[in-house]
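Examining the three-dimensional arrangement
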Amino acid sequence: MARRSPLERLDFDNVALRKLPLEGSEEPGVRQVKGACFSRVKPQPLTKPRFVAVSHEALALLGLSGEEVLGDELGPEYLSGSRVMPGSEPAAHCYCGHQFGQFAGQLGDGAACYLGEVKVPPGQDPELLRENPSGRWEIQVKGAGLTPYSRQADGRKVLRSSIREFLCSEAMFFLGIPTTRAGSVVTSDSRVIRDVYYSGHPRHERCSVVLRIAPTFLRFGSFEIFKQADELTGRQGPSYGRDEIRGQMMDYVIEMFYPEIQQNYPERVERNVAFFREVMLRTARLVAQWQCVGFCHGVLNTDNMSILGLTLDYGPYGFMDRFDPDFICNASDNSGRYSYQAQPAICRWNLVKLAEALAPELPPDRAEAVMDEYLDLFNRFYVDNMRKKLGLLIKEEPEDEILITELLRTMHNTGADFTNTFRSLSQISCPTEGQSDGEGDAVKKATDLLLEQCASIEELKAANKPTMDPRELAMLLSLAQSNPSLFQMISDRATIARQLDKLSRLKDLMETSQEELKAKQAEDWTAWITRYRKRLGRELEGQSDVLAVEEERVRVMNSSNPRVVLRNYIAQNAIEAAENGDFAEVQRVLRVLEKPFSSQPGLELPAWVGGGGAAARGERDEGEEEASTSTSRNPVPYDSKPPTWATEICVT
């Protein structure tokens, strides 16, 4: 008798579909869905589904063994939605959203499909249960075909986007940042046409599916389905006027995911205010964590903001390489609305939109009072994290914020690599009493260390090239003077200021040689390092065991500053190998990202280096060509600055 699939043993308890309104119709086809939070759907099977990779740690949340799942011949079918597990009830969630600042009306799960909620297996880590008090994990497949919310799309995802979502979901978890999880990636022989860069050169790509796991995928936009007609766009939420559902949704979210608030606040309004404050706090903490690892989300619309304060929806995200506060990871974000430095303010804006969506259950004056706390809270989380990254653990000095600001300014001016510069800081020695004679040597050694992470003159010239045609810029500047109202319709002052700043930097660079640049970079770093070492010295004042304090500083810094993050070029190498049928690099990168703070002997370089690639171990997908762009490039270690070709990667 055939062995039963481990996926047939999952214990489903689909509370969301019982507690929240479900659409009556099960008809296929795109439509406005009124008075419901979910619609039943039928996932569309893939041809020859097969695993690209699984996350053993994420699958363990469901009580599954990764090895068992990989060895299960039905595994790829179940985890791509091609076959429905016993107890699963496939559905798509209805939500709205403000996209790039404009209310877009009904959006919803256009490619994602809720499969159900799996009961937490016995023996789950108490820490995970604290973060997920509901006792269930919602699982969904992304890329399983059409839903009522697919709009003009086909409900499919391809290998590129699926690998990026899979790897980043897990990378964020191991960095200690709240996130939805990813259990597996499945690819197939089914194909769809995609024009990657919207350049008029479409190509056939393999349909692929990610298994996503979270306590819930409800988001800010889930509560925007009740919105009245928007003043600017004229669009309204599909459930406008159905206020009783809003109350139902709030009851569900608070009872399931914020049980302490439900318990401690018997009065409804006070409960709702406490809930909103907790969402605000989690969001402030989350964005502070993003800023501290140089992560840029790319599409911070209200429909991509989790009601639990998790990182949600990995699209055109990016980890910053060279530090630039104006870093934009999404090539289609022309105005820089979602740039790195804009993220804290955008999250605040999104919280204000959530507050509007929760009214009258959340009184506007009470929401406003909560929002007044946001910036101070964000700043506190951010500075606390940054102190750990700088090893300032004993004393809190008001000047620490200036030290942090000066560090970032020096990184920006010298084009320093974000991740590697922070990682190098733990190697800077702390001045000890009575050793002033070696001071100059110590500062020079530290300066040389950080200069290795700085950009060359050519890299800085390329980085500061304005993205706007000079004639267009001149026209807009003239328009800003002559017709301000027309200017505001087609551009904005911040964009123009950024372009002018780049022009000014470029002009200076054109008049500078590589030697002059290096000398200036050394001068900048020497000044900062001198200040930093003085501050480290003050940490030791009055400490009897100086060595123990130093060891603890290095330990905390090395567990706060990752050695490896998922840089775009690392993902790109894995994607290109997978598109050529070699899945070993995806699996290898996952292993590297599971221990981002430590070095892993034998895992320093990509899989194909030294002939140890997948082909040698039989992990190549059938019927695929051997050639791969990534294998023909000079490999660089996972913890190095990106190679020059990485600047050409474009993510939209």
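Since this is a predicted model, take the numbers as computed values, not measurements.

We now examine the nonpolar core. Counting residues in hydrophobic clusters, the biggest one holds 174 residues, and the most contacted among them are Phe276, Leu390, Leu425, Trp525, Tyr532 and Leu566. Three or more residues apiece are contributed to this core by two domains, here domain 1 (6-252) and domain 2 (434-542).

Turning next to the domain arrangement of the protein. Domain annotation of the protein identifies domain 1 (6-252) and domain 2 (434-542). Here domain 1 and domain 2 have C-alpha centroids that lie 42 Å from each other.

Another aspect to go through is the packing of aromatic side chains. If you walk through the whole model with that rule in mind, you get 17 aromatic pairs. Note on Trp525 and Trp528: the rings are 6.1 Å apart at their centroids and 85° apart in plane angle, and the pair reads as edge-to-face. Of the two residues, Trp525 and Trp528 both sit in helix α20 (residues 514-540), three residues apart, roughly one turn of that helix. When its relative accessible area of 3% is taken as the criterion, Trp528 is described as buried. Counting every residue linked through ring pairs, the aromatic cluster contains Trp290, Phe295, Tyr314, Tyr317 and Phe319. The lysine or arginine in question, Lys389, covers the ring of Phe422, its NZ or CZ lying 4.6 Å from the ring centre.

So, on to the pattern of salt bridges. This model, assessed by the stated rule, comprises 53 salt bridges. Between Glu170 and Arg181 there is a salt bridge; the shortest N-O distance is 2.8 Å. With a gap of 11 residues between them, Glu170 in helix α6 (residues 159-174) and Arg181 in strand β9 (residues 181-194) connect regions that are remote in the sequence. Judged by relative accessible area, which is 4%, Arg181 ranks as buried. Arg242 is the salt-bridge partner of Glu244, the closest N and O atoms lying 2.8 Å from each other. Taking the relative accessible area as the measure of exposure, Arg242 reaches 36% and is therefore partly exposed. One network of salt bridges, in which partners are shared, links Asp384, Arg387, Glu396, Glu397, Asp400, Arg535, Arg538 and Glu539.

Judged by side-chain polarity, Met475, Leu486, Met489 and Ile490 come together as a nonpolar surface patch covering roughly 430 Å² of accessible area. For the nonpolar patch, the element with the most residues is helix α18 (residues 484-490), which contributes three residues. Mapped onto the elements of the fold, Met489 is located in helix α18.

Taking 1.5 Å of rise per residue, 15 residues should cover 21 Å, and helix α7 (residues 243-257) covers 21 Å from first to last C-alpha, within 8% of that figure. What α7 keeps buried is the set Ile245, Arg246, Gly247, Met249, Met250, Tyr252, Val253, Ile254, Met256 and Phe257. Each element contacted by the buried residues of α7 is listed here: α1 (15-19), β6 (112-119), β7 (136-142), α8 (259-264), α9 (268-293) and α10 (343-358).

Let's shift gears to helix α13 (residues 400-414). For α13, built from 15 residues, the straight-helix expectation of 21 Å at 1.5 Å per residue is met to within 8% by its first-to-last C-alpha distance of 21 Å. Looking only at α13, the buried set comprises Asp400, Leu403, Ile404, Leu407, Leu408, Thr410, Met411, His412 and Thr414. Just past α13, the residue Gly415 takes up positive phi, approximately 65°.

Moving on: the packing of α9 against α10. Packing of α9 against α10 leaves a shortest axis separation of 10 Å and a crossing angle of 160°. Between α9 and α10, the angle is such that the two are roughly antiparallel. Of the two elements, α9 crosses α10, and the hand of that crossing is right-handed. Counting all contacts with α9, which are made through Phe275, Phe276, Val279, Met280, Thr283, Val287, Trp290 and Gln291, the residues of α10 involved are Gln343, Pro344, Cys347, Leu351, Leu354, Ala355 and Leu358. Partitioning the contact of α9 with α10 into residue classes produces 12 nonpolar, three polar and no charged.

Turning next to the side chain of Asn568. Tracing the chain through its elements places Asn568 in helix α22 (residues 568-579). When residues no more than four places from it in sequence are discounted, the contact partners of Asn568 are Arg164, Tyr317, Ile649 and Val651.

Cut-offs and rules
Residues numbered from 1 in each chain as written. Predicted model: local features only at pLDDT ≥ 70, side-chain atom pairs only at ≥ 80, totals over all residues. Heavy atoms only, no water. Core = buried A, V, L, I, M, F, W, Y, C linked by side-chain atoms within 4.5 Å. Buried < 20%, exposed > 50% of the residue type's maximum accessible area, 1.4 Å probe, protein only. Domains from an automatic or database assignment. Phe/Tyr/Trp six-rings, centres within 6.5 Å; stacked < 30°, edge-to-face > 60°. Helix = DSSP H or I, 4+ residues; strand = E, 2+ residues; numbered from the N terminus. Lys NZ or Arg CZ within 6 Å of the ring centre and 35° of its normal. Salt bridge = Lys/Arg side-chain N within 4 Å of Asp/Glu carboxyl O. Patch = residues over 30% accessible without salt bridge, like charges linked within 9 Å, V, L, I, M, F, W, Y side chains within 5 Å. Areas by Shrake-Rupley, 256 points an atom, 1.4 Å probe, with all protein chains shown as cover. Expected span 1.5 Å × (residues − 1). Contact = heavy atoms within 4.5 Å. Axes fitted to C-alpha atoms, helices over the stretch in contact; angles between N-to-C directions. Parallel < 35°, antiparallel > 145°, perpendicular 65-115°, else oblique. Left-handed = near helix turned anticlockwise from the far one by under 90°. Nonpolar A, V, L, I, M, F, W, Y, C, P; charged D, E, K, R; others polar.

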